[in-house]
Amino acid sequence: LAAAMASAVQEHATLVAEAGTGVGKTFAYLVPLLLSGKRALVSTATKSLQDQLFLRDLPRLRDALRVPVRIALLKGRGSYLCLHRLQQARETGSLPDRFAVRALARVETWAPSTRTGDLAEIDGLDERSPVIPLVTSNRDNCLGQDCPQFRDCHVVKARREAMAADLVVVNHHLFFADLALRDSGVAELLPTVDAAVFDEAHQLVETGLQFLGTLLSSNQVIDFGRDLLAAGLTHARGLADWQQVVGGLDKAARELRLACAGPLREVKGILKLRWDERSRDAAFSAALDGLASAADAARDAAVLVEATAPDFTRLVERGQRFACLAHAFALPAATDRVRWIDLGPRDARLVDSPLHIRDLFTEQRALAPRAWIFTSATLGSDDDLRWFTEAAALEDARKLRVGSPFDYPAHARTWVPPRFPKPNEPGHPAAVGALAARLAGRLGGRTFVLTTTLRVLPLIAEALTEAAQAAGTPLVVLVQGSHPKRSLLQRFLDTPNSVLVGSASFWE
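Residues numbered from 1 in each chain as written. Predicted model: local features only at pLDDT ≥ 70, side-chain atom pairs only at ≥ 80, totals over all residues. Heavy atoms only, no water.

Some details on the overall build of the protein
Along its length, the protein carries 21 helices and 14 strands. A globule of 508 residues ought to have a C-alpha radius of gyration of about 23 Å, and the protein, at 25 Å, matches this closely. Principal axes of the C-alpha set define a box for the protein whose edges measure 70 × 60 × 50 Å. In the structure as shown, the protein presents an accessible area of about 25200 Å², 54% of it carried by carbon and sulfur atoms. (Helix = DSSP H or I, 4+ residues; strand = E, 2+ residues; numbered from the N terminus. Rg over C-alpha atoms; globule rule 2.2 N^0.38 Å. Areas by Shrake-Rupley, 256 points an atom, 1.4 Å probe, with all protein chains shown as cover.)

Listed below in structure tokens is the structure:
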């Protein structure tokens with residue numbers, strides 16, 4: 001595997017390589033890259049895997065090989081503290097509860113000492129905290145060079161370091177977001193590299209479709225209203241009825257979600273709904289019209305005070321964009337695109353997506369000669385790896401399949417317990433927790449308990465903790481969401497008798 005990757009790097013070839021768990025895919029591409037002397041971009045599926053590469057695997061290999069390679073980590077805007085928005089949150093932020101107040105205080109205490117501004121450094125900050133959108137920027141609300149804190153901007157510093165590095169670690173979301181929106185620095189970085197490696201490549205197609213699509217979310221509208229209110233009260237108090245304008249946006253966002261939910265009252269997790277299930281309803285059309293009108297009113301209010309602060313220029317653009325999106329979703333979909341609705345407990349997302357990402361990869365590969373390497377444990381069921389190569393227009397690539405060195409029959413067990421509550425029965429999470437406590441107790445911790453939904457995660461963790469205490473088993477139960485993923489994994493490695501209860505990204 002390493003030899004095939006080294007050959008692809010040297011010859012600027014395209015390689016699709018499937019390698020079973022335990023082969024050592026990470027070392028197989030990092031060693032050739034570090035020894036090649038060429039500039040490289042490595043993209044992986046999640047921020048957790050980015051941290052693992054950057055903080056553990058890369059430094060180890062660089063030291064072992066004794067190569068003077070400069071490495072950098074680049075994440076999306078939402079991972080970095082925005083100093084300007086922290087100041088805004090301090091002055092005008094309306095926080096939902098005392099936990100959010102404490103979280104903001106923790107960010108403020110950490111802010112003066114951080115060099116990178118990466119929020120993953122903060123111990124105890126839940127990545128789902130409502131404070132994070134208040135202290136980070138996105139493409140819509142970033143003021144760019146007009147920002148009073150531009151000189152000290154952590155995002156700008158991270159991009160500068162990435163441009164100066166020999167090997168940069170990004171993630172798939174960042175890669176596609178930048179190709180679609182040119183917002184993260186990857187578009188400037190990609191033309192300068194000799195090799196681009198995509199680990200966990202089986203997630204590329206779905207991620208690419210997500211970012212090449214068009215999205216309108218009720219939560220986005222509510223965030224827009226919150227930012228407009230903060231700017232209005234800070235820079236233009238009394239020049240417009242900001243509460244009324246923002247109230248119109250909030251009402252429009254709520255009505256859009258209700259129209260998407262239809263007869264569904266309680267939603268757990270994310271439901272995918274067919275577009276024609278809702279789009280033919282009069283309530284759905286009325287909700288889109290109402291959103292367009294509320295966005296127009298917000299834009300007009302921001303236009304009147306645009307000269308008072310640079311914040312309003314971006315707010316005018318956002319109001320215009322939401323109005324355009326509402327009008328676009330009211331029209332029929334194009335024949336080469338597909339639409340659906342993602343419905344969550346507090347959000348509704350209208351999605352309009354292309355059917356494939358073939359054109360994107362064809363275009364990128366034609367721009368300049370460089371190596372393209374795609375690797376994962378699951379890329380197809382045949383030697384041509386057609387499941388992946390056809391979706392990504394990589395039929396002409398070199399292909400390689402390498403089996404796993406693990407002796408699964410001798411070293412692994414799969415057990416389906418008899419007489420166990422079914423997943424849709426109320427006693428299921430408690431039974432899983434009690435069983436996990438028994439098994440982890442026998443193993444002395446050293447156990448992952450992985451759930452398929454975030455909803456059951458706290459229920460299982462609670463049952464596990466109670467069962468361990470009742471049995472007198474000294475287990476340390478670590479739960480996703482209680483701390484950043486980076487510190488949870490480190491505590492799991494460092495703490496004897498520990499059990500980690502996690503969902504989505506911990507499966508990786």
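Thoughts on helix α15 (residues 311–330)
One turn of the α-helix equals 3.6 residues, which is why residues spaced by three or four share an orientation. Across its 20 residues, α15 extends 29 Å between first and last C-alpha, which sits within 8% of the 28 Å expected from 1.5 Å per residue. Restricting attention to buried positions, one finds in α15 the residues Asp311, Phe312, Leu315, Val316, Arg318, Gly319, Phe322, Ala323, Leu325, Ala326 and Phe329. (Expected span 1.5 Å × (residues − 1). Buried < 20%, exposed > 50% of the residue type's maximum accessible area, 1.4 Å probe, protein only.)

Considering the sheet that holds strand β3 (residues 71–73)
If you trace the 7 strands from one edge of the open sheet to the other, you get β3-β4-β2-β5-β10-β1-β11, paired in parallel fashion. With one partner strand each, in any of the chains shown, β3 and β11 (398–402) form the two edges of the open sheet. Between one strand and the next, the sheet's axes are offset by a mean angle of 15°, whatever the strand orientation. (Pairing = 2+ DSSP bridges. Axes fitted to C-alpha atoms, helices over the stretch in contact; angles between N-to-C directions.)

Focus on the nonpolar core
Membership of the largest hydrophobic core comes to 43 residues, with the highest contact counts inside it found for Leu216, Leu228, Phe284, Phe312 and Leu350. Elements with a contribution of two residues or more to this core: α11 (218–235), α12 (242–261), α14 (282–304), α15, β8 (337–343) and β9 (348–354). Residues in contact with Leu216, not counting those within four places in the same chain, are Val221, Leu288, Leu291, Phe322, Leu325, Ala326, Phe329, Ala348, Arg349 and Leu350. With 35 residues, the next largest nonpolar core counts Ala158, Leu190, Val205 and Trp372 among its residues. (Core = buried A, V, L, I, M, F, W, Y, C linked by side-chain atoms within 4.5 Å. Contact = heavy atoms within 4.5 Å.)

Considerations on the side chain of Asp311
With respect to the element layout, Asp311 can be found in helix α15. Of the side chains with opposite charge, Arg85 comes closest to the buried, unpaired Asp311, at an N-O distance of 6.7 Å. A polar contact is formed between the side chain of Asp311 and the side chain of Gln88, at a distance of 3.1 Å. Non-local contacts of Asp311, meaning those with residues more than four positions away in its chain, are made with His84, Gln88, Leu143, Ala231 and His235. (Lys, Arg positive; Asp, Glu negative; His and termini not counted. Salt bridge = Lys/Arg side-chain N within 4 Å of Asp/Glu carboxyl O. Polar contact = N/O pair within 3.5 Å; in protein donor to acceptor, adjacent residues only side chain to side chain.)

Considerations on the pairing of β8
As a general feature of sheets, a regular strand has side chains that alternate between the two faces. Note that strand β7 (residues 271–274) and β8 share 4 bridges and pair antiparallel. Opposite Leu273, over in β8, you have Ile341 as the bridge partner. Pairing analysis gives 7 bridges linking β8 to β9, with the strands arranged antiparallel. Pairing of Trp340 across the sheet is with Val351, part of β9. Between the end of β8 and the start of β9, which pair antiparallel, lie 4 residues.

Remarks on the packing of α11 against α12
Look at α11 against α12: their axes get within 9 Å of each other, and the N-to-C directions meet at 175°. Between α11 and α12, the interaxial angle falls into the category roughly antiparallel. Contacts between α11 and α12 involve Ser218, Val221, Ile222, Phe224, Gly225, Leu228, Leu229, Gly232 and Leu233 from the former and Trp242, Gln243, Val245, Val246, Leu249, Asp250, Ala253 and Arg257 from the latter. For the contact of α11 with α12, the class distribution of residues is 11 nonpolar, 4 polar and 2 charged. (Parallel < 35°, antiparallel > 145°, perpendicular 65-115°, else oblique. Nonpolar A, V, L, I, M, F, W, Y, C, P; charged D, E, K, R; others polar.)

Some thoughts on unusual backbone geometry
Although it is not a glycine, Arg66 adopts a positive phi angle of roughly 55°. Relative to the elements of secondary structure, Arg66 occurs in the loop between α3 (47–65) and β3. On the basis of relative accessible area, Arg66 is assigned to the exposed category, the value being 76%.

Examining the sheet that holds β7
An order of β6-β9-β8-β7 is seen for the 4 strands of this open sheet, with the pairing classed as antiparallel. Bordering the open sheet on either side are β6 (214–217) and β7, each of which pairs with just one other strand. Pairs of neighbouring strands in the sheet enclose a mean axial angle of 25°, with direction left out of account. Pairing analysis gives 4 bridges linking β6 to β9, with the strands arranged antiparallel. Bridging across to β9, Leu216 finds its partner in Leu350.

Focus on the environment of Leu304
Position of Leu304 relative to the elements: it lies in helix α14. Counting along the chain gives 68 residues from Leu304 to Ala236, while the straight-line C-alpha distance between them is 9.9 Å.

Focus on the side chain of Arg318
Topologically, Arg318 is positioned in helix α15. Not counting chain neighbours up to four residues away, the residues in contact with Arg318 comprise Asp140, Asn141, Asp223, Phe224 and Asp227.

Description of the state of the cysteines
Under the defined criterion, the tally for this structure stands at 0 disulfides. No disulfide involves Cys82; its sulfur sits 5.6 Å from the nearest other cysteine sulfur, which is in Cys147. On the basis of relative accessible area, Cys82 is assigned to the buried category, the value being 15%. Here Cys147 falls in the buried class, since its relative accessible area comes to 15%. (Disulfide = S-S within 2.5 Å.)

Examining the pairing of strand β5 (residues 195–198)
The alternating pattern of β5 places Ala195 and Val197 and Ala196 and Phe198 on opposite faces, both of which are buried. Note: strand β2 (residues 40–44) against β5, 4 bridges, orientation parallel. Within β5, the position partnered with Val42 by the bridge is Val197. With 4 bridges connecting them, β5 and strand β10 (residues 371–376) associate as parallel partners.

Considering the pattern of salt bridges
Per the stated rule, a full pass over the model turns up 25 salt bridges. Here Lys272 ties to Asp342 by a salt bridge, and the two come within 2.9 Å at their closest N and O atoms. One end of the pair, Lys272, is in strand β7; the other, Asp342, is in strand β8, with 70 residues separating them in the sequence. A residue is classified by how much of its surface remains accessible, and Lys272, at 59% relative accessible area, is exposed. A salt bridge links Asp342 to Arg349; its shortest N-O distance comes to 3.8 Å. Note on Asp342: relative accessible area 8%, which makes it buried. A relative accessible area of 28% places Arg349 in the partly exposed class. One network of salt bridges, in which partners are shared, links Glu18, Asp383 and Arg401.

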